[in-house]
Amino acid sequence: MALIELKDVSKLYGFGDATSVALDEVNLTIEQGECVAVMGPSGSGKSTLMNVIGLLDRPTHGDYYLSNKKVSRLGANQRARLRRDKIGFIFQSFNLLPRLTAIDNVALPLLYKGLSLGKRIQKAWDMLERVGLGDRAYYYPRQLSGGQTQSVAIARALVNGPQLIIADEPTGNLDSNSSRLVMELLSEIHKTGNTVLFVTHNPELTRFATRVVYMQDGAIKYDEQTKLGEVGRYARSVMYAVPETTEEDDLAGVSVMMTVLGKRDAAKPKKKPARSRTKKTTAKHKKVAK
Amino acid sequence: MSLRHDNFRLAYRNLKAAKARSSLTMLGIIIGVMAGVLVLCIGQGVKQQIAGQLGRYGKSVFVVRPGPPQTSTSLLSGLSGSNSSLLTEADLHTVQKTHGVSAVAPLSTVSGSMTGDHMVNTPFIIATTADFEDIIHQSMAAGGFFDSSDDGKAVVLGASIAQELFNDNAPLGQALLWHGQRLLVAGVFNDFVAPPFSLESNFNDAVFIPYATAQHASGSVLGIYQILAKSDKPTDASRVVSSTDAALVSAHGGAQDVNVALATDTTSQSDQTIHLLTTLVGIGAVIALIVGGVGIMDVMLVSVTERMYEIGLRKAIGATNRQILRQFIAEAFVLSGIGAVTGVVLSCATVGLLRAFTSMQAVIVWQALVIAPLLAIAIGMFFGSMPALKAARKDPIEALRHD
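This one's a predicted model, so the numbers in the text were calculated from it and none came from an experiment.

S.K.: Any chance you could explain the overall build of chain B here in plain terms?
M.R.: A count of helical and extended segments in chain B gives twelve helices and twelve strands. Looking at chain B residue by residue over its 403 residues, the buried ones come to 45%. Residue pairs in contact within chain B that sit at least 24 positions apart in sequence constitute 83% of those at least 6 positions apart.

See below:
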């Protein structure tokens, strides 16, 4: 039984001449228990795909079945409840509400489910223990490192016992050590039977996936099964294929500056998955590959 | 839903977590509430002061003034410059003899410096008779008013002039030198309540001396600028007024050059003033409340916009629109509630301070204490939750993108 089934799903933005196609009749079936890495250049529709699958966004055309139930035309509140009960989200940044402690952040979905305070604390505590942050329960997000923040986000994503975990570039702002920590955590979750979907720019991280989906221009270009622990075949080939800078950058003569600035910015968390990240991360991994 | 139970505690915690934003919002509400309450309280206070002063005289008191019948100014107007001629002693007797008049007091002003412990060059001296006390209804701080059995040497002081002459609240029995005569202080009036911002002559600055003494000292006929009189019975007052008028007109050979009116009538003419004041206070309060409301609205709108991302995130992890809305309503309620109560308390404190340290006798208007905070809470809740609802209705992804 397929957990996720997308049939000719399209997502359009804008009207008339300004229409842009974020998803172009995507067909995708994901079985229970898969761990899918979604790759692709910026603007290829990865995030839109995640948002549609995660019920944050509605497809413009096409049908979406979650656990064999058609969900593409549900109302806002029904989608909210499905998100609460079936899906756990991990975003790239700004995952946690800065004014709540770690444990309160983790307990949020339970609050919306209507659990009593005692149960909420108990469950949230268990989850924090599970991601190894039991001793940081009453820390505020600003007192946590990037890796710890993402771990708290994972705990929150898990706290409702969802079938599906969606992580949109969960390691986008992390150094390689923290990245590995977070990915190992996700991998562990996958091994306990959850379905995990994650977006990444780092081909190395496809080692944690059982399947790699490569997107371009809103469509799925390659879709391959991989073994755990191996970098996907296509992923390996794109490792070197993505240009470090675009033509426009060269024309503007700012490519050198961007490399420098990009490195400096990498330390800080960014609000958005910036366009330049593609170049930056691939640049980094080029070096790693050497 | 069990969420309801948690809402206020959670709201309180959320607000406490965001101290800067919360206190700023609350400041907006406090200022809004205070603006509304204070304008009403001060306005009402001033109004009451003026009304109280105008209504001091009983229903039976009436006033005779020179000049044709006209809309008179307030009863206490001192030397209005329009007086073409003054009243005479003959007029005084005419009034006195009119049937139904029980008490008559002329008011004249005389000049001359006075020396007590200190010298006052141009004191405001009013020459009158013993009946004045009976008519004016003003309590004494010390001593008593002079009466007809006195030897004509007794004077009575207003509260301020007593201080000026003797540095003493009750300089009873002290001597005053005026035109070479030794006068003795027989009494001191309590403060005449004068409304703030009024141009009326202030009896607190006045020295009251017996009419006969003044006449003797000045050696000439004293002009009377006003005669205060009182009828036997309040019910008879208007009849006595008309008969007095008739008596004076016939005494003057048919000339309509005297104006007789009940004190309450002159007061009722001032009702217009009071009505105007009421309207002004009302408009002021409404403007203050609108300004306060706009302030609350602004702060609330800003704070909700600031929290778009939070709304997006909460929705992403499963909050329904209603749950988001409830959270924001609870927060707005707690915030505006605390703000409104603080505003009321501060307003009351300000009213107290105004009463203690200024001449403005602001009063606490309980309607303002109820309406202003309720309005503030309503505005706060509306503008605190409506934008939140708008945000909640968006797709979470849009709210998340909103930085």
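Having seen it, we continue.
S.K.: Just checking my understanding: could you explain the sheet that holds strand S2 (residues 20-31) of chain A for this structure?
M.R.: All names here are of chain A. One open sheet holds the four strands; their spatial order is S2-S1-S4-S5, and the pairing between them is antiparallel. The open sheet has two edge strands, S2 and strand S5 (69-70), and neither has a second partner. As paired strands, strand S1 (residues 2-13) and strand S4 (residues 61-66) are joined by five bridges and run antiparallel to one another. Looking across to S4, one finds that serine 10 is bridged to histidine 61. The sheet contacts of helix H1 (residues 46-53) involve S1, S2 and S4, and relative to S2 the element is tilted by about 55°.

S.K.: Sorry if this is basic, but what is going on with the sheet that holds strand S6 (residues 87-90) of chain A here?
M.R.: Across a sheet, strands are paired by hydrogen bonds formed along the backbone, either parallel or antiparallel in direction. Residue and element names in this part refer to chain A. Strand order in the open sheet formed by six strands is S6-S7-S8-S3-S9-S10, with mixed pairing between adjacent strands. Where the open sheet ends on each side, the last strands, each with one partner, are S6 and strand S10 (219-225). For this sheet, the mean inter-axis angle between neighbouring strands, taken without regard to orientation, is 15°. Direction of pairing for strand S3 (residues 35-39) relative to strand S8 (residues 195-199): parallel, over a ladder of four bridges. Among the inter-strand pairings, valine 38 is bridged to a residue of S8, identified as valine 199.

S.K.: Looking at this structure, how should I read the nonpolar core?
M.R.: Nonpolar side chains tend to gather and get buried jointly when the protein is soluble and globular. Formed by 133 residues in total, the largest nonpolar core has its most connected members in Val38, Val106, Ala155, Leu186 and Leu197 of chain A together with Val37 and Cys41 of chain B. Per-element tally for this core: the top contributor is helix H2 (residues 19-54) of chain B, with 14 residues. Residues within four places of valine 106 of chain A in sequence aside, it is in contact with Ala124, Met127, Leu128, Val152, Ala155, Arg156 and Val159 of chain A. Grouped together as the second largest cluster of nonpolar side chains are 55 residues, Phe146, Val185, Ala186 and Val240 of chain B included.

S.K.: Where do I start with the packing of helix H10 (residues 321-357) of chain B against helix H11 (residues 366-393) of chain B in this structure?
M.R.: Residues and elements named next belong to chain B. Close contact between H10 and H11 brings their axes to 8 Å; oriented N to C, the two are set at 155°. If you check the angle between H10 and H11, you find them roughly antiparallel. Relative to H11, H10 is oriented so that their crossing is right-handed. Classifying every residue of the contact of H10 with H11 by side-chain character gives 18 nonpolar, eight polar and two charged.

S.K.: Sorry if this is basic, but what is going on with the packing of helix H3 (residues 89-97) of chain B against helix H7 (residues 237-251) of chain B here?
M.R.: A pair of packed helices is characterised by two quantities: the angle between their axes and the separation of those axes. All names here are of chain B. In the contact formed by H3 and H7, the axes pass within 9 Å of each other and the chain directions differ by 140°. One way to sum up the angle between H3 and H7 is to call them oblique. Classified by chirality, the crossing of H7 by H3 is right-handed. On H7, the residues that touch Ala90, Asp91, Thr94 and Val95 of H3 are Thr244, Ala247, Leu248 and Ala251.

S.K.: Honestly, the environment of aspartate 223 of chain A in this entry has me stumped. Any pointers?
M.R.: Tracing the sequence through the fold places aspartate 223 of chain A in strand S10. Separated by 187 residues in sequence, aspartate 223 of chain A and valine 36 of chain A place their C-alpha atoms 9.8 Å apart.

S.K.: Mind showing me how you'd approach unusual backbone geometry here?
M.R.: A positive phi is found at serine 67 of chain A, a non-glycine position, where the angle reads about 50°. Along the polypeptide, serine 67 of chain A turns up in the loop between S4 and S5. Overall, serine 67 of chain A belongs to the partly exposed group, with 15 C-beta atoms counted inside 10 Å. Its identity as a non-glycine residue notwithstanding, histidine 179 of chain B has a phi of 50°, on the positive side.

S.K.: Where do I start with the interface of chain B and chain A in this structure?
M.R.: By a widespread convention, an interface's size corresponds to the accessible area lost as its parts come together. Contacts between the two partners involve 23 residues from chain B and, on the opposite side, 22 residues from chain A. Contributing elements (two or more residues each) for the side of chain B that touches chain A: helix H1 (3-17), helix H9 (308-316), H10 and helix H12 (396-401) of chain B. Ranked by residue count, the leading element in the side of chain B that touches chain A is H9 of chain B, at six residues. Counted by class, the side of chain B that touches chain A contains eleven nonpolar, six polar and six charged residues.

About the criteria used
Residues numbered from 1 in each chain as written. Chains lettered and ligands numbered in written order. Predicted model: local features only at pLDDT ≥ 70, side-chain atom pairs only at ≥ 80, totals over all residues. Helix = DSSP H or I, 4+ residues; strand = E, 2+ residues; numbered from the N terminus. Buried ≥ 20, exposed ≤ 12 C-beta atoms within 10 Å, placed from the backbone. Contact = placed C-beta atoms within 7 Å. Pairing = 2+ DSSP bridges. Axes fitted to C-alpha atoms, helices over the stretch in contact; angles between N-to-C directions. Core = buried A, V, L, I, M, F, W, Y, C linked by C-beta atoms within 7 Å. Parallel < 35°, antiparallel > 145°, perpendicular 65-115°, else oblique. Left-handed = near helix turned anticlockwise from the far one by under 90°. Nonpolar A, V, L, I, M, F, W, Y, C, P; charged D, E, K, R; others polar.

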